[in-house]
Amino acid sequence: MTVYFVGAGPGAADLITVRGARIIASSPVCLYAGSLVPRELLATCPAEARVIDSSRMTLDAIVAEMVDATARGEDVARVHSGDPSLYSAVAEQARRLDAAGVDYEIVPGVPSFAAASAALKRELTVPEVSQTVVLTRISTLSTAMPDGEDLATLARSRATMVIHLGARQIDPIAVELARHYGADCPVAVVAFASRDDETIVRGTLADIAAATVAAGIVRTAVIVVGRVLAAEGFPDSFLYSSARRALDH
């Protein structure tokens, strides 16, 4: 029997992989991450499935549910929002399953930064503007950032930056990044990307904090910073150029 860590995507119920949807629809046990997982996905669980909201459970209790289910011969859909590769708390669950000898697989999902990029209708890597995306967060009371991963250090490249879990700290974030990107650097805050209540606030590092506060955005948002958000006049990609076609032939 297998525990499947399923990335449910950023919010819209149809932004889930075919594989992920199939696993949810066929697993006798489903543990899901509270209000972050679309209710429509849970409606596809088998009628007799054990469906559990894990938002108020301890890590040990969650793992115990998964271990007990596999001992009964049942597969488990462990459903997380976004993609399990980022800020999902899958790592600590997986190491406990390893210790218990329980098999597991990870099913990718659409990450929030990709949904935000789509909402903004902007590519995060643009020729001669930015070819690097930094995915990061800031220190909180629960999770400190490792040495060398502070905003000041990461911002020195002036690459496109996506900051997760930082909407409540938008003011100090904007002040710090303005020192490296410039106060006129474009920035957008995207809350609830892909959902019906999606909210987008655009501005520069000089005014984004006030606009974000005015919009009432405090959670479930990503902050996108970089010149790509307003890039114009950049050269076309070599991928589809006539020069590339000549080389191919």
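Residues numbered from 1 in each chain as written. Predicted model: local features only at pLDDT ≥ 70, side-chain atom pairs only at ≥ 80, totals over all residues. Heavy atoms only, no water.

If you check an unreviewed UniProt entry, the chain appears there as Precorrin-4 C(11)-methyltransferase from Rhodococcoides kroppenstedtii. Looking at the chain in UniProt, the text filed under Pathway (unreviewed entry) is "Cofactor biosynthesis; adenosylcobalamin biosynthesis." (UniProt positions renumbered as here; feature names shortened; annotations may be inferred.)

Trainee: Run through the layout of surface pockets, naming residues and quoting values.
Mentor: There is about 1,100 Å³ of room inside the largest pocket. Lining the largest pocket we find 45 residues, and of these L36, S81, L86, Y87 and L165 sit closest to its centre. Partitioning the lining of the largest pocket into residue classes produces 21 nonpolar, 18 polar and 6 charged. A domain-level breakdown of the lining of the largest pocket finds at least three residues from each of domain 1 (1–105) and domain 2 (111–228). The space that makes up the second largest pocket amounts to roughly 210 Å³. In this structure, the second largest pocket is lined by G11, A12, A13, S35, L36, V37, P38, R39, E40, S194, R195 and D196. Its residues assigned to classes, the lining of the second largest pocket comprises 5 nonpolar, 3 polar and 4 charged. (1 Å grid on protein atoms, 1.4 Å probe; cavity = no way out; pocket = protein on both sides within 12 Å on 5 of 7 lines; lining within 4 Å. Points joined across faces, edges and corners; volume = space filled by probe spheres on them. Nonpolar A, V, L, I, M, F, W, Y, C, P; charged D, E, K, R; others polar. Domains from an automatic or database assignment.)

Trainee: Quick one: what's the story with the packing of aromatic side chains, residue by residue and with numbers?
Mentor: Per the counting criterion, the structure on display carries 1 aromatic pair. Ring centres of F5 and Y104 lie 5.9 Å apart, and the angle between their planes is 80 degrees; on these two criteria the pair is classed as edge-to-face. With F5 in strand β1 (residues 2–7) and Y104 in strand β5 (residues 103–107), this pair connects stretches of sequence that are 99 residues apart. For Y104, a relative accessible area of 24% puts it in the partly exposed group. (Phe/Tyr/Trp six-rings, centres within 6.5 Å; stacked < 30°, edge-to-face > 60°. Helix = DSSP H or I, 4+ residues; strand = E, 2+ residues; numbered from the N terminus. Buried < 20%, exposed > 50% of the residue type's maximum accessible area, 1.4 Å probe, protein only.)

Trainee: Give a description of the sheet that holds strand β7 (residues 160–164) that names residues and reports values.
Mentor: The strand order across the open sheet built from 5 strands is β6-β7-β10-β8-β9, with neighbouring strands paired in mixed fashion. Of all strands in the sheet, those bounded by a partner on one side alone are β6 (133–137) and β9 (199–204). Neighbour to neighbour, the strand axes of the sheet diverge by 20 degrees on average, direction disregarded. As defined by bridge partners, strand β8 (residues 186–191) adjoins strand β10 (residues 221–225) across 5 bridges and the pair is classed as antiparallel. Among the inter-strand pairings, A191 is bridged to a residue of β10, identified as A221. Along the sheet, helix α8 (residues 208–215) makes contact with β8 and β9, crossing β9 at roughly 160 degrees. (Pairing = 2+ DSSP bridges. Axes fitted to C-alpha atoms, helices over the stretch in contact; angles between N-to-C directions. Contact = heavy atoms within 4.5 Å.)

Trainee: Summarise the packing of helix α7 (residues 170–181) against α8; cite the residues concerned and give the values.
Mentor: Across the interface, α7 lies against α8 with an axial gap of 8 Å and an inter-helix angle of 165 degrees. Considering the angle they form, α7 stands roughly antiparallel to α8. Once α7 is placed against α8, the crossing between them reads as right-handed. Contacts from I170, D171 and A174 in α7 reach I208, A209 and T212 in α8. For the contact of α7 with α8, the per-class residue count stands at 4 nonpolar, 1 polar and 1 charged. (Parallel < 35°, antiparallel > 145°, perpendicular 65-115°, else oblique. Left-handed = near helix turned anticlockwise from the far one by under 90°.)

Trainee: Please set out the environment of V225 residue by residue, giving values where relevant.
Mentor: Mapped onto the fold, V225 is located in strand β10. Spatially, the C-alpha atoms of V225 and V67 are 42 Å apart, while their sequence positions differ by 158 residues. Ignoring any residue separated from it by four or fewer positions in sequence, one finds V225 in contact with A159, T160, M161, L177, Y181, C185, P186, V187 and L205.

Trainee: Can you explain the nonpolar core? Please cite residues and give values.
Mentor: M161, I163, L177, Y181, L205, I223 and V225 are the most contacted members of the largest nonpolar core, which has 26 residues in total. Taken together, the elements giving at least two residues each to this core come down to α6 (151–155), β7, α7, β8, α8 and β10. Per-element tally for this core: the top contributor is α7, with 5 residues. Filtering out sequence-adjacent residues up to four positions away, M161 remains in contact with V134, T136, L151, L154, A155, L177, Y181, I223, V224 and V225. Grouped together as the second largest cluster of nonpolar side chains are 17 residues, V6, Y32, A33 and V79 included. (Core = buried A, V, L, I, M, F, W, Y, C linked by side-chain atoms within 4.5 Å.)

Trainee: So what's going on with the domain arrangement of the chain? Which residues, and what values?
Mentor: When the domains of the chain are assigned, the result is domain 1 (1–105) and domain 2 (111–228). Each of domain 1 and domain 2 has a C-alpha centre, and the two are 29 Å apart. Across the boundary between the two partners, domain 1 contributes 10 residues, which contact 11 residues of domain 2. Regarding the contact of domain 1 and domain 2, the summed buried area is about 820 Å², with carbon and sulfur atoms giving 65% of it. Together, P10, L86 and Y87 form the three largest contributors to the area buried by domain 1 at its contact with domain 2, with a combined 62%. Our count for the domain 1 to domain 2 interface comes out at 0 salt bridges. Across the contact surface, domain 1 and domain 2 share 4 residue pairs in polar contact (both at pLDDT 80 or more). Considering only residue class, the side of domain 1 that touches domain 2 consists of 6 nonpolar, 3 polar and 1 charged. (Buried area = accessible area lost by both parts, 1.4 Å probe. Salt bridge = Lys/Arg side-chain N within 4 Å of Asp/Glu carboxyl O. Polar contact = N/O pair within 3.5 Å; in protein donor to acceptor, adjacent residues only side chain to side chain.)

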